[in-house]
Amino acid sequence: MSGAKAFVKALEMQKVDVIFGIPGGAVLDICDALADSSIRTILMRHEQCAAHAADGYARASGRVGVCMATSGPGATNLVTGIATAYMDSSPIVAFTGQVPRKLIGRDAFQEADIIGITCPITKHNFQVGHASEIPTTIKKAFYIASSGRPGPVLVDVPKDVQIEFADVKIEDHEETIRRPSNHAPHPLQVKKAVELLVSAERPMIIAGGGVITSNASEELIAIAELLLAPVATTLMGKGAIPENHPLATGLLGMHGTIASNRLIQEADVVLAVGTRFSDRTTGKVDEFCQDAKIIHIDIDAAEIGKNVEADVPIVADAKEALQEIHMLLQRKMAKKENSAWTAKIRELKEQLEEKANCQGELKPPRVMAEIRRILPEDAIITTEVGQNQMWAAIYLKAYKPRTFISSGGLGTMGFGFPAALGAKVARPEVPVVDIAGDGSFIMTEQDLATSVLENIPVTVIVLNNSVLGMVAQWQRLFYGGRYVAVKLGKVPDFVKLAEAYGAQGFRPKSLEEFSSVLKKAIKSDVTTVIDVSISPEENVLPMVPPGKGLKWMIWE
Ligand SMILES: Cc1ncc(C[n+]2csc(CCOP(=O)(O)OP(=O)(O)O)c2C)c(N)n1
């Protein structure tokens, strides 16, 4: 069969149900083969969106997301999306067309060295040399993307390889099963971790995205409840513990909550699981947890000691490690009693709640609380980047894993909306809401067309301040209010913009009106944009100034 046919058959063997992409000359044969397949191909309006949609699909479902682009500009447009997935350990497989083999390296029409370009932003990349290699390469790509620490893999397929005929037996290439880890948690390290936790007076847990990837929430909560330890999350870990749980203290770090940022400074033993200790989480790293013993669990050995020195390193899948720790802990100790430590958790959590409650009508913290009140627990929230993202991270509680999807590592404006489309394709039964800033939304709003035409109804809530709000906040707080290149001045009328694409738009003027349009939006099967006007002077607080330790948190 032809390379293109083998390609599509191999995807079917991987149970791929959807591909997000834009075609072009170098993938026409694959497109033609897709015409005979039940795989849904969704035409996006920009390749960056195709990669973000595949990423959103992956994060919402736990399966591998797939995107496709033609050679040259199609492939290079994928780059931001691939880098975004890489930084957040999201499993996607990106396919690109390539010029015919004999033209590679000759600056042929629409040639780009996508292998060279994506080397540092993929877990692995392949250029297929012969049609006969296609099924094995695809199988390997799915295995690498989904196993261990997940991440993006790129497969570049020259055009003539798609046309070439080869003798391949597709039946030998059944679906790849994700292998969490090759490492079992080391028993001695588990024992040491448990000894530390048993002796801790002020234990604290930091849950990162690894907890969500390995479905380890249950184990995490069991350990927290046994120790009565507060659980802070990173942006990627949001949803690892329901944020209405008494021990959940919310986000840690630059825009961390009062409770998480204060408690971490007093903790004597920290159990950090599935987190890479990004600088956004630790603040100035020399001042981070100076007096605490640190147990660090990560599936990727390269993360241990990279940013923060661990007293007890455990290289393992989060679920397996937490299961072992929990088993041993149960043997060694009874559930802890309430103490001054638990009283402190309650007291510090209340301070943030009070702060959110005293905000006026359409102030972002109030809007976030209202969104939470209206959405069902399993609704999926995606975010753009900037103040909108941080208001959502701090004030919009997530109750379940895989319900809060945000670009944490790369911080990519324009991510949230296409990621919402991918999430909705993966989970059509739940409402999907993108919390957006006006600046971010106008980076990828063209995919409203995809949303409407492909019947992927999501809701976008634009916190419209006519500025690049987060940058303006930094200029206001740290550059003496000298605003440069942040005033958007003219943004589109988002209601009319939505309508122009065949979606619906609303501009509520009060919290009550906001609630009623949001209820309408999530019930309807029409993509909706809700334009909420907010002040350009608003700051997201709490905030730790850049380069400072967490103790420098500003919150008033
Ligand atoms: C693609 C991209 N370009 C630039 C930035 C730098 N940046 C971070 S936040 C931000 C402002 C975001 O503005 P907006 O989307 O309006 O959200 P707001 O902060 O106002 O909520 C910018 C420009 C970025 N993160 N991503």
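Residues numbered from 1 in each chain as written. Predicted model: local features only at pLDDT ≥ 70, side-chain atom pairs only at ≥ 80, totals over all residues. Heavy atoms only, no water.

Undergrad: Help me understand the pairing of strand β13 (residues 380-383), please; the structure alone is not making it clear to me.
TA: The side chains of a regular strand alternate between the sheet's two faces. With burial as the criterion, each face of β13 is covered, one bearing Ile380 and Thr382 and the other bearing Ile381 and Thr383. Pairing of β13 with strand β15 (residues 432-437), which is carried by 4 bridges, proceeds in the parallel orientation. Paired with Thr383 across the strands is Ile435, a residue of β15. In this view, the connection linking β13 to its parallel neighbour strand β14 (residues 404-405) by way of helix α17 (residues 387-395) has right-handed handedness. (Buried < 20%, exposed > 50% of the residue type's maximum accessible area, 1.4 Å probe, protein only. Helix = DSSP H or I, 4+ residues; strand = E, 2+ residues; numbered from the N terminus. Pairing = 2+ DSSP bridges. Right-handed = clockwise from strand over helix to strand, strands pointing away.)

Undergrad: Explain the pairing of strand β4 (residues 92-98) here, please?
TA: Within β4, 7 of the 7 residues are buried, which leaves the element mostly enclosed by the surrounding structure. Of the two faces of β4, the one carrying Ile92, Ala94, Thr96 and Gln98 and the one carrying Val93, Phe95 and Gly97 are both buried.

Undergrad: Just checking my understanding: could you explain the environment of Arg202 for this structure?
TA: Tracing the chain through its elements places Arg202 in the loop between α9 (187-199) and β7 (203-207). Here Arg202 falls in the partly exposed class, since its relative accessible area comes to 29%. Separated by 62 residues in the primary sequence, Arg202 and Ile264 have C-alpha atoms spaced 9.3 Å apart. Leaving out residues up to four positions away in the same chain, Arg202 has contacts with Glu266, Ala267, Asp268, Val269 and Trp341. Looking at Arg202, its side chain comes within polar contact range of the main-chain oxygen of Glu266, at 2.6 Å. (Contact = heavy atoms within 4.5 Å. Polar contact = N/O pair within 3.5 Å; in protein donor to acceptor, adjacent residues only side chain to side chain.)

Undergrad: Honestly, helix α1 (residues 3-13) in this entry has me stumped. Any pointers?
TA: Turn by turn, an α-helix covers 3.6 residues, leaving residues three or four places apart pointing in a common direction. Here α1 has its buried residues at Gly3, Ala4, Ala6, Phe7, Val8, Ala10 and Leu11. Those residues of α1 that are buried lie in contact with β1 (18-21), α2 (28-34), β4, α7 (134-146), β6 (153-158) and α8 (159-163). Phi turns positive one or two residues past the end of α1, at Lys15, with a value near 60 degrees.

Undergrad: Which parts of the structure should I look at to understand the packing of helix α11 (residues 217-227) against helix α14 (residues 318-332)?
TA: The packing of two helices is summarised by the inter-axis angle and the distance between the axes. Taken N-terminus to C-terminus, the directions of α11 and α14 make an angle of 30 degrees; their axes are 9 Å apart at the nearest point. By the angle between their directions, the pair α11 and α14 is classed as roughly parallel. Crossing geometry of α11 relative to α14 is assigned as left-handed. Along its contact with α11, which presents Glu219, Leu220, Ala222, Ile223, Leu226 and Leu227, the element α14 presents Lys319, Leu322, Gln323, Ile325, His326, Leu329 and Gln330. (Axes fitted to C-alpha atoms, helices over the stretch in contact; angles between N-to-C directions. Parallel < 35°, antiparallel > 145°, perpendicular 65-115°, else oblique. Left-handed = near helix turned anticlockwise from the far one by under 90°.)

Undergrad: It is not clear to me how the site of the ligand should be interpreted in this structure. Could you clarify?
TA: Not every one of the 17 residues close to the ligand is listed here, only the nearest: Gln387, Gly411, Gly439, Ser440 and Gly469. The contact in question runs from an oxygen atom of the ligand to an N or O atom on the backbone of Gln387, over 2.8 Å. A distance of 2.8 Å separates an oxygen atom of the ligand from a polar atom in the backbone of Gly439. Here the ligand loses 76% of its free accessible area of 590 Å² to cover by the protein chains. Secondary structure elements with two or more residues in the shell around the ligand: α17, α19 (438-444) and α21 (469-478). Top contributing element to the shell around the ligand by residue count: α19, with 4 residues. Taken together, the residues that form the shell around the ligand break down as 7 nonpolar, 9 polar and 1 charged. (Near = heavy atom within 4 Å. Areas by Shrake-Rupley, 256 points an atom, 1.4 Å probe, with all protein chains shown as cover. Nonpolar A, V, L, I, M, F, W, Y, C, P; charged D, E, K, R; others polar.)

Function cannot be read off these values alone, since they describe shape.
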